[in-house]
Amino acid sequence: MAYAITQNCCNDASCVSVCPVNCIHPTPDEPGFATAEMLYIDPRACIDCGACADACPVDAITPVDLLSGPDTVYTELTRQYFAEHPADNEWGAPRFPPPVPAELRVAVVGTGPAACYTADSLLRLGAEVSMIERQPVPGGLLRFGVAPDHPSTKQLGDTFAGLFQHPRLRLHLNVEVGADISHADLAAHHHAVVYATGAAVDKPLGVPGEDLTGVLSATAFVAWYSAHPEAPAGDVDLSAERAVIIGNGNVALDVARILLADPGDLARTDIADHALEALRDSNIREVVLLGRRGPEHAAFTRPEFLALRHLPGVRVVVDGAAVRDADPGSKAAVFAEVDAEEIDWDASPPPGKRIVFRFMATPIGFEGEESVESVALTGGDSLPAKLVLRATGYRGRPLSGLPFDEKSATVPHVGGRVAEMPGTYVVGWIKRGSSGGIGTNRVCAAETVDALLEDAAAGRLLRPGGSRAQFGKLIRRRKPESLGGRAALAIDRAERALGSLAGRPRVKFATVQDLVAAGKSRFRS
């Protein structure tokens, strides 16, 4: 009885490291790992030991004979993968990290997955770590980016929560590098500084009417339903029947799913209270996803599309001709069993709820006086819509004191080393751009940490004059409202306690003031 990996796969690769027969692919050492939609277990080599299932942080691994319903498709996806990628099951050369100096203090800017993988690696090697986060609560993408109806993925946050209580880690929340403290301050108290600030800015389209009311970024919408402190609670109007999403990547699918999900199901998640109330009163019945190219170029991963197809009470259709003759392993093939319809866009959506994929449709502007009324498309078409969400990707933003490449929206680096700034490093999306899932950051962090350790062995790190205690005093002097590890634990306990009363995993505090108050509340131990 072999095991199979299902939709929740985060590409963390913890399963790869514990497999005794090297049957999980692609591995971090294989070329396809960075772009893989998910990992796969070779049924011919699997010995049914269950080590991978025990190690999986998101409960994505299940015995094949226990798969049921929509999950049975992952048996076929596994077969397709190994038909296209015959595995030789040979072990690569062992990897040994460079030696660690007796004293090593590292500042990590950010608390998302890339930052946490970096901090975890450093702590395992005996280093002291300071993590600096501009929000009053840690988590980054796991808290503010993972959709609320993906609770298994959010389990990674529980893994990282223990990291924040490590005795050699100091957490500094509600502190912004570049405003409250500078890169020079970090360098004066640490041997190295690692930036893991992500890519939190959306990519504008640059077309007329983009500033009309009702045209929002998917970034803002995700922040709104995730209770991000910088997202206004009343920022989204759901009074229209149709919403249009520009883009068809995983974020676009997340947004479509949340817009049409049963609010009763969402009420059992950690979705923001204000978003839940708005969705309960929503009139949205149709979500249209626009792709400027054909279905073979769709940006979503197949597991996310399969999850969308099984959303209760929601039909998934394609505008125009069906896709019947696509390569079985291609993106276009996932539409082979999806209904194709010729849609009258001037008519109101039909009864019920539906998600429509419309391909070969490029927006060239938004029409309306003060609020958006329609989306103008190439070819003279116009698509009526009063809510439009741009889901066209993310960009990093410049960091104070660091170089920045406007074209790639990343910090220039070589293997994680920031150009011409000794002792300064990057990891995650600010390093490689907005590509790769959560687990991809683990391999990315390993490369950056290796570079840092090589520089330590060669004497190329910073020579701080200030101590760890002095850095803590500097933080408290510059930002009296800063919070630490005990406060993070207090916020977590308070949110879980409120969630328990409501039958939910947690009820999130959605403002800086509420988060700071919770961090200093009686829940604090």
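Right above here is the structure, for reference.
Residues numbered from 1 in each chain as written. Predicted model: local features only at pLDDT ≥ 70, side-chain atom pairs only at ≥ 80, totals over all residues. Heavy atoms only, no water.

Peer 1: Please explain the overall build of the protein chain as it appears in this structure.
Peer 2: Helix and strand content of the protein chain: 17 helices and 23 strands. Relative to the globule expectation of 24 Å for 525 residues, the C-alpha radius of gyration of the protein chain, 24 Å, shows essentially globular dimensions. Projecting the C-alpha coordinates of the protein chain onto the three principal axes gives extents of approximately 70 × 60 × 50 Å. Burial status across the protein chain gives 54% buried among its 525 residues. Carbon and sulfur atoms provide 51% of the accessible area of the protein chain, an area that totals close to 22600 Å². Charge centroids of the protein chain, computed over 52 positive and 65 negative side chains, lie 8 Å from each other. (Helix = DSSP H or I, 4+ residues; strand = E, 2+ residues; numbered from the N terminus. Rg over C-alpha atoms; globule rule 2.2 N^0.38 Å. Buried < 20%, exposed > 50% of the residue type's maximum accessible area, 1.4 Å probe, protein only. Areas by Shrake-Rupley, 256 points an atom, 1.4 Å probe, with all protein chains shown as cover. Lys, Arg positive; Asp, Glu negative; His and termini not counted. Charge placed at Lys NZ, Arg CZ, Asp CG, Glu CD.)

Peer 1: Is there a simple way to explain the nonpolar core in this structure?
Peer 2: Nonpolar side chains in soluble globular proteins tend to be buried together. Core analysis: the largest hydrophobic core is formed by 75 residues, its most contacted members being Ile-5, Ile-24, Ile-41, Met-131 and Leu-452. Apart from residues no more than four positions distant in its own chain, Leu-452 is found in contact with Leu-104, Val-106, Ala-192, Val-194, Tyr-425 and Leu-461. Residues Val-236, Leu-238, Ile-245 and Ile-271 belong to the second largest nonpolar core, which totals 49 residues. (Core = buried A, V, L, I, M, F, W, Y, C linked by side-chain atoms within 4.5 Å. Contact = heavy atoms within 4.5 Å.)

Peer 1: How should the pattern of salt bridges be read in this particular structure?
Peer 2: Pairs may arise between side chains of opposite charge once their charged atoms sit close together. Counted according to the given criterion, the structure contains 40 salt bridges. Close ionic contact of Lys-431 with Glu-447 constitutes a salt bridge, the shortest N to O distance being 2.6 Å. Separated by 16 residues along the polypeptide, Lys-431 in helix H13 (residues 429-432) and Glu-447 in helix H14 (residues 440-457) bring together distant segments of the chain. Take Lys-431: its relative accessible area is 4%, and that puts it in the buried class. A salt bridge links Arg-506 to Asp-492; the shortest N-O distance between them is 2.6 Å. (Salt bridge = Lys/Arg side-chain N within 4 Å of Asp/Glu carboxyl O.)

Peer 1: Quick question: what am I supposed to make of the sheet that holds strand E18 (residues 382-384) here?
Peer 2: The strands that make up a sheet are held in pairs by hydrogen bonds between backbone atoms, and each pair lies either parallel or antiparallel. A sheet is described by the order of its strands in space; here three strands give the open sequence E16-E17-E18, paired in antiparallel fashion. Edge positions in the sheet fall to strand E16 (363-367) and E18, since each has one partner strand and no second. Neighbouring strand axes in the sheet, compared pairwise and without regard to direction, differ in orientation by 25° on average. Bridge count for strand E17 (residues 374-377) against E18 is three bridges, and the pairing is antiparallel. (Pairing = 2+ DSSP bridges. Axes fitted to C-alpha atoms, helices over the stretch in contact; angles between N-to-C directions.)

Peer 1: Is there a simple way to explain helix H9 (residues 250-260) in this structure?
Peer 2: Every α-helix carries 3.6 residues per turn, so stepping three or four residues along brings you back to the same face. With respect to burial, H9 is a largely interior element, nine of its 11 residues being buried. Every buried residue of H9 is accounted for by Ala-252, Leu-253, Asp-254, Val-255, Ala-256, Arg-257, Ile-258, Leu-259 and Leu-260.

Peer 1: So what exactly am I meant to see when it comes to the pairing of strand E6 (residues 128-133) here?
Peer 2: Regular strands place side chains that alternate from one sheet face to the opposite one. Here E6 lies mainly inside the structure; five of its six residues are buried. The sheet contact formed by strand E5 (residues 105-109) and E6 spans five bridges and is parallel. In the strand pairing of E6, Arg-105 is matched with Glu-128. With five bridges joining them, E6 and strand E7 (residues 169-173) adopt parallel strand pairing. Within E7, the residue paired with Ile-132 across the bridge is His-172.

Peer 1: Got a minute to help me understand the packing of aromatic side chains in this structure?
Peer 2: The description of an aromatic ring pair rests on the distance of the ring centres and on the angle between the ring planes. This structure, assessed with the given rule, holds 14 aromatic pairs. Ring geometry for Phe-221 and Trp-224: centres 5.3 Å apart, planes at 35°, overall tilted. One end of the pair, Phe-221, and the other, Trp-224, are both in helix H8 (residues 218-225), three residues apart, so they sit about a helical turn from each other. A single burial state applies to Phe-221 and to Trp-224, both of which are buried. An aromatic cluster is present here, built from Phe-300, Phe-305, Phe-335, Phe-357 and Phe-359 joined pairwise through their rings. The positively charged end of Lys-331 is found above the aromatic ring belonging to Phe-300, 5.6 Å away from the centroid. (Phe/Tyr/Trp six-rings, centres within 6.5 Å; stacked < 30°, edge-to-face > 60°. Lys NZ or Arg CZ within 6 Å of the ring centre and 35° of its normal.)

Peer 1: Could you clarify how one ought to interpret the pairing of E5 in this entry?
Peer 2: When you tally the buried positions in E5, you get five out of five residues, the bulk of the element. Here E5 shows no split at all, with Arg-105, Ala-107 and Val-109 on one side and Val-106 and Val-108 on the other all buried. With helix H4 (residues 113-124) bridging E5 and the parallel E6, this β-α-β connection has right-handed handedness. In this structure, E5 lies alongside strand E8 (residues 192-195), joined through four bridges in parallel fashion. (Right-handed = clockwise from strand over helix to strand, strands pointing away.)

Peer 1: Quick question: what am I supposed to make of the sheet that holds strand E11 (residues 242-246) here?
Peer 2: The strand order across the open sheet built from seven strands is E10-E19-E11-E12-E15-E13-E14, with neighbouring strands paired in parallel fashion. Each edge of the open sheet is held by one strand with a lone partner, namely strand E10 (215-217) and strand E14 (339-341). Averaged over all pairs of adjacent strands, the angle between strand axes in this sheet comes to 25°, irrespective of strand direction. Bridge analysis of E10 against strand E19 (residues 387-390) gives three bridges, and the strand direction is parallel. Residue pairing across strands places Val-215 opposite Val-388, the latter belonging to E19. The sheet contacts of H8 involve E10 and E19, and relative to E10 the element is tilted by about 75°.

Peer 1: Could you clarify how one ought to interpret the packing of H4 against helix H6 (residues 151-163) in this entry?
Peer 2: When two helices pack together, their arrangement is given by the angle between their axes and by how far apart the axes lie. Here H4 crosses H6 at 45°, and the two axes come no closer than 10 Å. By the angle between their directions, the pair H4 and H6 is classed as oblique. For the element pair H4 and H6, the recorded crossing hand is left-handed. Touching Pro-113, Cys-116, Tyr-117, Ala-119, Asp-120 and Leu-123 of H4 are Leu-156, Phe-160 and Leu-163, all from H6. Among the residues forming the contact of H4 with H6, the class breakdown is eight nonpolar, no polar and one charged. (Parallel < 35°, antiparallel > 145°, perpendicular 65-115°, else oblique. Left-handed = near helix turned anticlockwise from the far one by under 90°. Nonpolar A, V, L, I, M, F, W, Y, C, P; charged D, E, K, R; others polar.)

Peer 1: Help me understand unusual backbone geometry, please; the structure alone is not making it clear to me.
Peer 2: It is generally the case that most residues other than glycine have a negative phi and that most peptide bonds are trans. Between His-25 and the following residue, Pro-26, the backbone shows a cis peptide bond with an omega angle of -5°. Inspection of the secondary structure assignment puts Pro-26 in the loop between strand E2 (24-25) and strand E3 (40-41). A positive phi angle is found at Asp-48, which is not glycine, with a value near 60°. With relative accessibility at 31%, the residue Asp-48 sits in the partly exposed group. Its identity as a non-glycine residue notwithstanding, Ala-409 has a phi of 55°, on the positive side. Note that Ala-409 resides in the loop between strand E20 (394-395) and strand E21 (413-414).

Peer 1: Just checking my understanding: could you explain the environment of Gly-465 for this structure?
Peer 2: Locating Gly-465 in the fold gives a position in the loop between H14 and helix H15 (468-478). A relative accessible area of 75% means that Gly-465 is categorised as exposed. The contacts of Gly-465, once residues within four sequence positions are left out, are Ala-188 and Gln-470.

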